[in-house]
Amino acid sequence: MSVVVRNPPRAERAAVEGLSGYGVATVHEAQGRTGLLDPRLRPVWQGARVAGTAVTVSVPPADNWMIHVAVEQCREGDVLVVAPTSPSEAGYFGDLLATTVAAHGVRALVIDAGCRDVAELRAMGFPVWARHVSAFGTVKETLGDVNIPVVCGGQLIEPGDVVVADDDGVVRVPRREAAAVLAASKAREEREAALRERYAKGELGLDIHQMRTRLAAKGLTWVDHPEGAQEPDGESGTAGAAS
């Protein structure tokens, strides 16, 4: 039986907005290198960066009927997450659907299938992360589900989870862990800022992170090249040419 689940709990807005200030790589690392969707889900245009709460949609192959159904369940700050029940390269989503979901506050689409109208989406400023860009159209014949757990890009995503996306990809943050991941992301960003300053001054990661002992323990050795200490003879080439 197909189902539409109304009003699922969503992650707290403060945590979502806080996570929007951090990149996918930072969030992924901050939550123990988990939650990263398949890197083959790529932004269809570059430069977008969003965080929002997931409205999940399970769709049949090449059938986008349930995306239209899902629009009614969307709120300000949501990200639509669409997963087909079997692989599909069809273009489920284009500028018309983008117009309607944007009117209901949706910030972006993540789809483990195809989208189209890329130029129009870019002009609208509506971000999409998709596995395919395809002009192949869809039908509206078969039911699916809205706001149930789905697997998108190899990750289980539940309605109300936080989805963070940028040029590096897409990462899922479980709804109940959003505040903790936000705190960990903030701490990680502060550490990286301090490291960046030291790197900019010329310090080596080998020394900052005390890597040399560990590298040597694994068998790495440093040796001087036999000619490395000699000063180059700046006149040797000229003399050779004249002889």
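What counts, and where the lines are drawn
Residues numbered from 1 in each chain as written. Predicted model: local features only at pLDDT ≥ 70, side-chain atom pairs only at ≥ 80, totals over all residues. Heavy atoms only, no water. Helix = DSSP H or I, 4+ residues; strand = E, 2+ residues; numbered from the N terminus. Rg over C-alpha atoms; globule rule 2.2 N^0.38 Å. Buried < 20%, exposed > 50% of the residue type's maximum accessible area, 1.4 Å probe, protein only. Areas by Shrake-Rupley, 256 points an atom, 1.4 Å probe, with all protein chains shown as cover. Arc of directions from axis to C-beta. Contact = heavy atoms within 4.5 Å. Pairing = 2+ DSSP bridges. Right-handed = clockwise from strand over helix to strand, strands pointing away. Disulfide = S-S within 2.5 Å. Salt bridge = Lys/Arg side-chain N within 4 Å of Asp/Glu carboxyl O. Core = buried A, V, L, I, M, F, W, Y, C linked by side-chain atoms within 4.5 Å.

Turning our eyes to something else, we now look at the overall build of the protein. Scanning the protein from terminus to terminus reveals nine helices and eleven strands. A compact globule built from 243 residues should have a C-alpha radius of gyration of about 18 Å, whereas the protein, at 25 Å, is more than 25% larger. For the protein, the spread of C-alpha atoms along the three principal axes comes to 85 × 45 × 35 Å. The buried share of the protein, taken over its 243 residues, is 42%. Accessible surface, the protein: about 13,200 Å² in total, of which carbon and sulfur atoms supply 52%.

Residues Leu-97, Ala-98 and Val-101 constitute the buried set of helix H4 (residues 95-103). Down the axis of H4, the sector holding all buried residues measures 100 degrees, keeping them to one side. Opposite the buried face of H4, at more than 90 degrees from it, the exposed residues are Leu-96 and Ala-103. Where H4 is buried, its residues contact helix H3 (65-71), strand S3 (78-84), strand S4 (91-93) and helix H5 (118-124). Within two residues after H4, Gly-105 carries a phi angle of roughly 90 degrees, on the positive side.

Attention now goes to the pairing of strand S2 (residues 50-59). Buried residues dominate S2, accounting for ten of its ten residues. Two strands pair when backbone bridges link them, and S2 and strand S10 (residues 162-166) are joined in this way by four bridges, in the antiparallel orientation. When the sheet's bridge partners are listed, Ala-51 is paired in S10 with Val-164. Summarising the sheet, S2 and S3 pair through seven bridges and their orientation is parallel. Across the sheet, Thr-53 pairs through a bridge with Asp-78, a residue of S3. Handedness of the β-α-β unit built from S2, H3 and S3 comes out right-handed. In terms of strand pairing, S2 meets strand S7 (residues 145-146) through two bridges, oriented antiparallel. Note that in S7 the partner of Val-57 across the bridge is Val-146.

This part takes up the state of the cysteines. In the structure shown here, the tally under the stated rule is zero disulfides. No disulfide involves Cys-74; its sulfur sits 15 Å from that of Cys-152, the nearest cysteine. With no disulfide of its own, Cys-115 has Cys-152 as its nearest cysteine by sulfur position, at a separation of 13 Å. A relative accessible area of 0% places Cys-115 in the buried class.

Here we come to the pattern of salt bridges. Evaluation of the coordinates by the stated rule reveals twelve salt bridges. Its salt-bridge partner being Arg-198, residue Glu-203 comes within 2.8 Å of it at the nearest N-O pair. Since its relative accessible area comes to 36%, Glu-203 is described here as partly exposed. Overall, Arg-198 belongs to the partly exposed group, its relative accessible area being 35%. Arg-212 is the partner of Asp-207 in a salt bridge, and the nearest nitrogen-oxygen pair spans 2.7 Å.

Here we come to the nonpolar core. Within the largest apolar cluster, 46 residues are counted, with the highest numbers of intra-cluster contacts made by Val-57, Leu-80, Phe-93, Val-110, Leu-121, Phe-126 and Val-128. Ranked by residue count, the leading element in this core is strand S5 (residues 108-115), at six residues. Not counting residues up to four positions away in its chain, the partners in contact with Leu-121 are Val-44, Trp-45, Phe-93, Gly-94, Asp-95, Ala-98, Cys-115, Arg-116, Phe-126 and Val-128. Listed in part, the 14 residues of the second largest apolar core include Ala-11, Val-162, Val-173 and Val-181.

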